[in-house]
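Results of the structural survey
Below are the chains, spelled out letter by letter.
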Amino acid sequence: MFDIWLGDIELTRLVLIFSFVFLLPLQLFLCFKVKSKRIRLVPAAVLLLLTMVLMMLFASVGGWAGLIYLFLAIFGGFMLLICGAGWGIWAVFRLIQKKKAGEKPTA
């Protein structure tokens, strides 16, 4: 993907690991266990705000600093996509549950 290093840490790999190990399970936990839709939307809203701010910084700052803001915005957008995947997984499970509840038992 991107070959961006922060000292000895590859930033792309760090974002991928964070997204799949922490963010996706957190979003799935919120979707399955929390009833309030506002609380379930908190991770996605925070990441959307972060991505939008980074895109505005990219548009207003030129040179290498702008490029750094662009890469960070792309990483934020990827994490937002992972939150959307969590919502999608939840929606599929909910659809399956509704179909099972609507079926008549066979005798």
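Let us look at the structure shown here. Everything numeric in this text was worked out from a predicted model, so none of it was measured.

Where nonpolar side chains cluster on the molecular surface, the patch consists of Leu48, Leu49, Met52, Val53 and Met56 and spans about 480 Å² of accessible area. Tracing the chain through its elements places Val53 in helix α3 (residues 42–60). Owing to a relative accessible area of 37%, Val53 belongs among the partly exposed residues under this scheme.

What follows covers α3. Quick reminder: α-helices carry 3.6 residues per turn. Residues three or four places apart thus point the same way. Here α3 is 19 residues long and its end C-alpha atoms lie 27 Å apart, about the 27 Å a rise of 1.5 Å per residue gives. Pro43, Ala44, Leu47, Thr51 and Leu54 are the residues of α3 that are buried. The arc enclosing the buried residues of α3, seen along the axis, measures out at 100°, which places them on a common side. Facing away from the buried surface of α3 by more than 90 degrees, the exposed residues are Val46, Leu49, Met56, Ala59 and Ser60.

Attention now moves to the nonpolar core. If you look at the biggest cluster of nonpolar residues, it comprises 11 residues: Leu11, Val15, Leu23, Leu24, Ala44, Leu47, Phe75, Phe78, Met79, Ile82 and Cys83. Elements with a contribution of two residues or more to this core: α1 (11–33), α3 and α4 (63–102). Of the residues forming this core, the biggest block, five residues, is contributed by α4.

Attention shifts here to the packing of aromatic side chains. A ring pair, where both rings are aromatic, is described by two values, the distance of the centres and the angle of the planes. Applying the stated criterion across every chain, the model contains four aromatic pairs. Arranged with centres 5.2 Å apart and planes meeting at 35°, the rings of Phe18 and Phe22 form a pair that is tilted. Highlighted residues: Phe18 and Phe22, both in helix α1, separated by four residues, approximately one helical turn. On the basis of relative accessibility, which here comes to 38%, the residue Phe18 falls in the partly exposed class. Relative to Phe93, the ring of Phe32 lies with its centre 5.8 Å away and its plane at 75°, an arrangement referred to as edge-to-face. One end of the pair, Phe32, is in helix α1; the other, Phe93, is in helix α4, and 61 residues separate them in sequence. Using a relative accessible area of 42% as the deciding quantity, one classes Phe32 as partly exposed.

Parameters at a glance
- Residues numbered from 1 in each chain as written.
- Predicted model: local features only at pLDDT ≥ 70, side-chain atom pairs only at ≥ 80, totals over all residues.
- Heavy atoms only, no water.
- Patch = residues over 30% accessible without salt bridge, like charges linked within 9 Å, V, L, I, M, F, W, Y side chains within 5 Å.
- Areas by Shrake-Rupley, 256 points an atom, 1.4 Å probe, with all protein chains shown as cover.
- Salt bridge = Lys/Arg side-chain N within 4 Å of Asp/Glu carboxyl O.
- Helix = DSSP H or I, 4+ residues; strand = E, 2+ residues; numbered from the N terminus.
- Buried < 20%, exposed > 50% of the residue type's maximum accessible area, 1.4 Å probe, protein only.
- Expected span 1.5 Å × (residues − 1).
- Arc of directions from axis to C-beta.
- Core = buried A, V, L, I, M, F, W, Y, C linked by side-chain atoms within 4.5 Å.
- Phe/Tyr/Trp six-rings, centres within 6.5 Å; stacked < 30°, edge-to-face > 60°.

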